[in-house]
Amino acid sequence: MDQTSHDRLLIIDFGSQVTQLIARRLRELNVYCEIHPYQNVTDAFLADFAPKAVIFSGGPASVIDEDSPRPPESVFDLGVPILGICYGQQVMMHMLGGKVERGHGTAEFGRAYVEPQNDPTDLLFGWFLGGREQVWMSHGDHVSEIAPGFEVYGTSPNAPFAITADLDRRFYAVQFHPEVHHTPNGKTFYENFVRIAGFKGDWTMGAYKEEAIQKIRDQVGDKQVICGLSGGVDSSVTAVLLHEAIGDQLTCVFVDHGLLRLNEAEEVVTMFRDHYNMKLIHADESDLFLGELEGVSDPETKRKIIGKLFIDVFQKYAGEIEGADFLAQGTLYPDVIESVSFSGGPSVTIKSHHNVGGLPEKMGLKLVEPLRELFKDEVRALGHELGLPASFIGRHPFPGPGLAIRCPGEITRDKLDILRKADAVYIDQIRKHELYDEIWQAFVAILPVRTVGVMGDGRTYDYACALRAVTSVDGMTADYYPFTHDFLGETATRIINEVPGINRVTYDITSKPPGTIEWE
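What comes next concerns the included structure. (Residues numbered from 1 in each chain as written. Predicted model: local features only at pLDDT ≥ 70, side-chain atom pairs only at ≥ 80, totals over all residues. Heavy atoms only, no water.)

1. Quick word on the side chain of Glu369
- Take Glu369: it is sitting in the loop between β16 (366-368) and α12 (376-385).
- Judged by relative accessible area, which is 13%, Glu369 ranks as buried.
- Reaching out from Glu369, the side chain makes a polar contact with the side chain of Gln329 at a distance of 3.5 Å.
- Engagement of the side chain of Glu369 in a polar contact is seen with the side chain of Arg372, the distance being 2.6 Å. (Helix = DSSP H or I, 4+ residues; strand = E, 2+ residues; numbered from the N terminus. Buried < 20%, exposed > 50% of the residue type's maximum accessible area, 1.4 Å probe, protein only. Polar contact = N/O pair within 3.5 Å; in protein donor to acceptor, adjacent residues only side chain to side chain.)

2. Re the environment of Ile502
- Here Ile502 shows up in strand β20 (residues 502-507).
- Of the residues examined, Ile502 reaches a relative accessible area of 2% and is grouped as buried.
- When the C-alpha atoms of Ile502 and Ala492 are compared, they prove to be 9.9 Å apart, with ten residues separating the residues in sequence.
- Those residues in contact with Ile502 that sit more than four places away from it in its chain are Ile418, Ala422, Asp462, Tyr463, Cys465, Ile495 and Ile496. (Contact = heavy atoms within 4.5 Å.)

3. Re unusual backbone geometry
- In this structure, Pro513 follows Lys512 across a cis peptide bond, with omega equal to -15°.
- With respect to the helices, strands and loops of the structure, Pro513 is situated in the segment after β20.
- Residue Pro514 follows Pro513 across a cis peptide bond; omega there is 10°.
- Of note, Pro514 is situated in the segment after β20.
- One non-glycine residue, Ala50, adopts positive backbone phi at about 50°.

4. Here we look at the nonpolar core
- Ranked by internal contacts, the top residues of the largest apolar core, which has 50 residues, are Ile226, Tyr426, Ile430 and Phe483.
- Beyond its immediate stretch of four places on either side in the chain, Ile430 contacts Leu435, Tyr436, Ile439, Ala442, Phe483 and Phe487.
- In this structure, Tyr32, Val269, Phe272 and Met278 belong to the second largest nonpolar core, which totals 43 residues. (Core = buried A, V, L, I, M, F, W, Y, C linked by side-chain atoms within 4.5 Å.)

5. Description of the packing of helix α5 (residues 205-220) against helix α6 (residues 233-246)
- Where α5 contacts α6, the axes come no closer than 9 Å and their chain directions differ by 65°. The angle between α5 and α6 falls in the class roughly perpendicular. The way α5 lies across α6 gives a crossing that is right-handed. Across the interface between the two elements, Lys209, Ala212, Ile213, Ile216, Arg217 and Val220 of α5 pack against Leu241, Leu242, Glu244, Ala245 and Ile246 of α6. (Axes fitted to C-alpha atoms, helices over the stretch in contact; angles between N-to-C directions. Parallel < 35°, antiparallel > 145°, perpendicular 65-115°, else oblique. Left-handed = near helix turned anticlockwise from the far one by under 90°.)

6. Thoughts on the packing of aromatic side chains
- For the structure on display, the rule yields 22 aromatic pairs.
- Taken together, a centroid distance of 5.5 Å and an interplanar angle of 55° make the contact between Trp127 and Phe189 tilted. Note that Trp127 is positioned in the loop between β6 (108-116) and β7 (133-139) and Phe189 in helix α4 (residues 186-197), a separation of 62 residues in sequence. Both residues of the pair, Trp127 and Phe189, count as buried.
- Ring centres of Trp203 and Tyr208 lie 5.3 Å apart, and the angle between their planes is 80°; this geometry places the pair in the edge-to-face category. Here the two residues Trp203 and Tyr208 agree in accessibility, since each one is buried.
- In textbook terms, an aromatic cluster arises when at least three aromatic residues are bridged by ring pairs, as seen for Phe14, Tyr38, Phe56, Phe76, Tyr87 and Phe171.
- A cation sits over an aromatic face here: Arg8 above Phe49, 4.2 Å from the ring centre.
- Here the guanidinium or amino end of Arg132 rests over the ring plane of Tyr113, the centre of that ring lying 3.9 Å away. (Phe/Tyr/Trp six-rings, centres within 6.5 Å; stacked < 30°, edge-to-face > 60°. Lys NZ or Arg CZ within 6 Å of the ring centre and 35° of its normal.)

Here is the structure:
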């Protein structure tokens, strides 16, 4: 989407693992920003993008190496504020006449403390109120001589130039990472930087909604659009946004693979077909999917079967929609970032962001991706703007393969029915105890073993299940949720009493890593 109506901040990425966090911090301040790999930032790009400010990210390289990443020299002639972070500080000093040296005992990794030096700049408003600031360092090389025009405003034991600035040119450079959680006052740091740069803070979901609707209308014209609707937050927000933009030109295809949670298909169909009055094809293909999965126990084989069948089924129903020229997808900004190779080589591309692989090209469809500039929390905010129910927007993530990967071993209809009921009881317990919004994801896995139990005076031989609940920020790492023993005992009792087929309940306390969130 053309965001020329907003002040724009450019983040030049040098390969840091936390560059996305910079963007998230800025978006939280209602500042529109984009991340671009350094090799894509040319003189022509800078002229076209016209940033109001620039941030250099961190990165794993050493500026001392001959072929180390650099921004174009012209970035320093834009006349806008520039902030260099970690490697970004080092490359700024190196290019502007300072010196950088290799470690030699000055490396810092982890928590450090910065002390103030000289009179504070506007960048440090609200800092050093307690005398020093905790920050997060991650550097091997260090600046040994600052560039002409710069002064020192903060030092740490192993970084004598932890905070430097050339106030006349509004160039700022820090050796630490203000974007990470372990720099507690980092948000204030970014607030100061965007205030210095003069950002209006006009990046809001209300404004984005109106711009996105107009963009969709301009792109689609009078053509038909197909949207794959899973019932998840991303595809749901995409569908409602498109429906508001083009009405009956949209047809959603909801593929029911028989691996959904209790009553989920009915809830999704009712909400979109009845509440939003959308054209919706409910493709109930559960017999096909479960038939193909019969006897399959390998998790990767399950995923491949489900993925291939989904594309086949979606293509079949989409082919029945006359005049469809566009395919809508709920692609998010992290998907776009991760699909761009930092070094230009295929080995470091994390994943392709096309949700349905090569399907658009195969079907001759053009893509509509109205969420491709948003982070997940922004998608939820847009969902609120569009009037989606809060209970729907706040749902926990649910995997594409559905209950197939929560049923280790062979999948049967009986096991799926047991799993659905147990999961419904578990989620009901979490909601009853008002814990749902504290948890990133919670579910039940039915285990491929039976255990001996006793109910009343009789012997049972039924399945065991595992409860899983994790806390996370982005799903990349996670820790188990610390339920009380009273909660776990009450939940286990309910599941065993209310779900025939289960006689033993366990709780999974594995973090990620070493485990994954899902069981398969």
